[in-house]
Amino acid sequence: MTAAPSLRTDSLRIDLGGRPVLRGVSVGLQPGWTAIVGPNGAGKSTLLRALAGLLPPQAGTVWLGDQPLAAVPPALRARQIAWLAQQGETSGDLTVRETVALGRIAHLGLLGTQGPADQAAVDAAMNQTECSAWADRRLQALSGGERQRVLLARALATGAPVLLLDEPTTHLDAPHQVALARLFRRLASSHTVVTVLHDLPIAVHADRLLLLRDGALVADGPATQPALQQALAAVFGGAVRLLATGGVPRVELVLD
């Protein structure tokens, strides 16, 4: 795997259906785990899709290293950036291993044959997401949470140094959410891991939070930063508060 390139946006504006969804967002991303958070409709998934090159901006630029992302050849982009959609597409006819192996298309092309390095990458991705035991099962036989882990393994199997993951904890129970958060922390030493998360108790464990509201970036920093904690409480209308514990803050719902 090559070193993770920088990924950044300059004054990014995206309109959907004639409505501005991102408003002049500028952010730089380096190796580490970054969680994008904010209320519904804040533009979180739109930002992630723009970073993946899936949405052309009305203004501004997404940069991969020193090149505009739009100018990077698709084959090279596929080897540099792995994408996991919020509702990942799956085929129930494929086995788990066949699905994860699709991540190697970025290296092999559609007609390439897997070699030992490709098989090792698939094995490693399945081990990391704890789905090796189902290698020969069909996706249609899996639960939603199990399928989510398989799709994450497919993204990891690309070997891409940049991972863009939209709601990767969807359908997962608490133990597997924790396992995934630990995996992101391990990957963060060598990858640029960017996750959109609604699960604030998991998001606060990221190295950095990007807080969006109404398509604008309103706070950027670690969850231990008091200013970011205050911004989170304000953006969520006082429905949550972060309690300082001397390390990663604890997220609490405010019910009274």
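The rules behind the values
- Residues numbered from 1 in each chain as written.
- Predicted model: local features only at pLDDT ≥ 70, side-chain atom pairs only at ≥ 80, totals over all residues.
- Heavy atoms only, no water.
- Helix = DSSP H or I, 4+ residues; strand = E, 2+ residues; numbered from the N terminus.
- Expected span 1.5 Å × (residues − 1).
- Contact = heavy atoms within 4.5 Å.
- Buried < 20%, exposed > 50% of the residue type's maximum accessible area, 1.4 Å probe, protein only.
- Pairing = 2+ DSSP bridges.
- Core = buried A, V, L, I, M, F, W, Y, C linked by side-chain atoms within 4.5 Å.
- Salt bridge = Lys/Arg side-chain N within 4 Å of Asp/Glu carboxyl O.
- Axes fitted to C-alpha atoms, helices over the stretch in contact; angles between N-to-C directions.

J.: Explain helix H7 (residues 174-187) here, please?
T.: Three- or four-residue spacings in an α-helix give side chains the same orientation, since the helix completes a turn every 3.6 residues. When the terminal C-alpha atoms of H7 are compared, their 20 Å separation across 14 residues agrees well with the 20 Å that a helix rising 1.5 Å per residue should span. Buried residues in H7 make contact with strand E3 (32-37), helix H5 (116-128), helix H6 (144-157), strand E7 (162-166), strand E8 (192-196) and helix H8 (200-203).

J.: What am I meant to see in the side chain of Thr46 here?
T.: As for its position among the elements, Thr46 is in helix H1 (residues 44-51). The buried category is assigned to Thr46, whose relative accessible area is 10%. With residues near it in sequence (within four places) discarded, Thr46 still touches Ile14, Leu16, Val21, Leu22 and Leu55.

J.: Got a minute to help me understand the pairing of E3 in this structure?
T.: Across a regular strand the side chains alternate sides, sitting on one face of the sheet and then on the other. The element E3 is largely enclosed, with a buried count of 6 among its 6 residues. The alternating pattern of E3 places Gly32, Thr34 and Ile36 on one face and Trp33, Ala35 and Val37 on the opposite face, and all of these are buried. For E3 and E8, the ladder comprises 5 bridges, and the chain directions are parallel. In the strand pairing of E8, Trp33 is matched with Val193. Note: E3 against strand E9 (residues 208-213), 4 bridges, orientation parallel. Note on E9: the bridge partner recorded for Thr34 is Arg208.

J.: Quick question: what am I supposed to make of the nonpolar core here?
T.: For soluble globular proteins, nonpolar side chains are generally found buried alongside one another. Within the largest apolar cluster, 51 residues are counted, with the highest numbers of intra-cluster contacts made by Trp33, Ala35, Val96, Val100, Val150, Leu209 and Leu232. At 7 residues, H6 tops the list of elements feeding residues into this core. Residue contacts for Val96: discarding those within four places in its chain leaves Met126, Cys131, Trp134, Ala135, Arg137, Leu139, Leu142 and Val150. Judged by nonpolar contacts, the second largest core, of 26 residues, contains Leu7, Leu22, Ala42 and Leu69.

J.: Where do I start with the environment of Leu151 in this structure?
T.: Within the secondary structure layout, Leu151 lies in helix H6. Note on Leu151: relative accessible area 4%, which makes it buried. Separated by 94 residues in the primary sequence, Leu151 and Thr245 have C-alpha atoms spaced 34 Å apart.

J.: Looking at this structure, I do not really get unusual backbone geometry. What am I missing?
T.: The phi angle at Glu130 is positive, at roughly 55°, despite the residue not being glycine. Relative to the elements of secondary structure, Glu130 occurs in the loop between H5 and H6. Looking at Glu130, the relative accessible area reads 44%, which means it is partly exposed. The phi dihedral of Glu167 falls on the positive side, at around 55°, and the residue is not glycine. Of note, Glu167 is situated in the loop between E7 and H7. Residue Glu167 is classed as buried on the basis of its relative accessible area, which comes to 5%.

J.: Just checking my understanding: could you explain the pattern of salt bridges for this structure?
T.: Opposite charge on two side chains lets them pair, provided their charged atoms get close. A complete count under the given rule lists 7 salt bridges for this structure. Residues Asp220 and Arg208 are paired through a salt bridge, measuring 2.7 Å at the closest nitrogen-oxygen approach. Highlighted residues: Asp220 in strand E10 (residues 216-221) and Arg208 in strand E9, separated in sequence by 12 residues. Bridged by salt links that share partners, the residues Arg241, Arg250 and Glu252 form one connected network.

J.: Explain the side chain of Thr195 here, please?
T.: With respect to the helices and strands, Thr195 occurs in strand E8. For Thr195, a relative accessible area of 0% puts it in the buried group. In this structure Thr195 touches Trp33, Thr34, Ala35, Ile36, Leu165, Pro168 and Phe184, once residues within four positions along its chain are discounted.

J.: What is the right way to read the sheet that holds E3 from this model?
T.: Paired through backbone hydrogen bonds, the strands of a sheet run either parallel or antiparallel to each other. Spatially, 6 strands are ordered E6-E7-E8-E3-E9-E10 in an open sheet, and the strand pairing comes out mixed. With one partner strand each, in any of the chains shown, strand E6 (81-84) and E10 form the two edges of the open sheet. For this sheet, the mean angle separating the axes of adjacent strands, direction not counted, is 15°. Together, E3, E6, E7, E8 and E9 form the strand contacts of H1, whose direction differs from that of E7 by roughly 150°.

J.: How should the pairing of strand E2 (residues 19-29) be read in this particular structure?
T.: With 7 bridges connecting them, strand E1 (residues 7-16) and E2 associate as antiparallel partners. When the sheet's bridge partners are listed, Leu16 is paired in E2 with Arg19.

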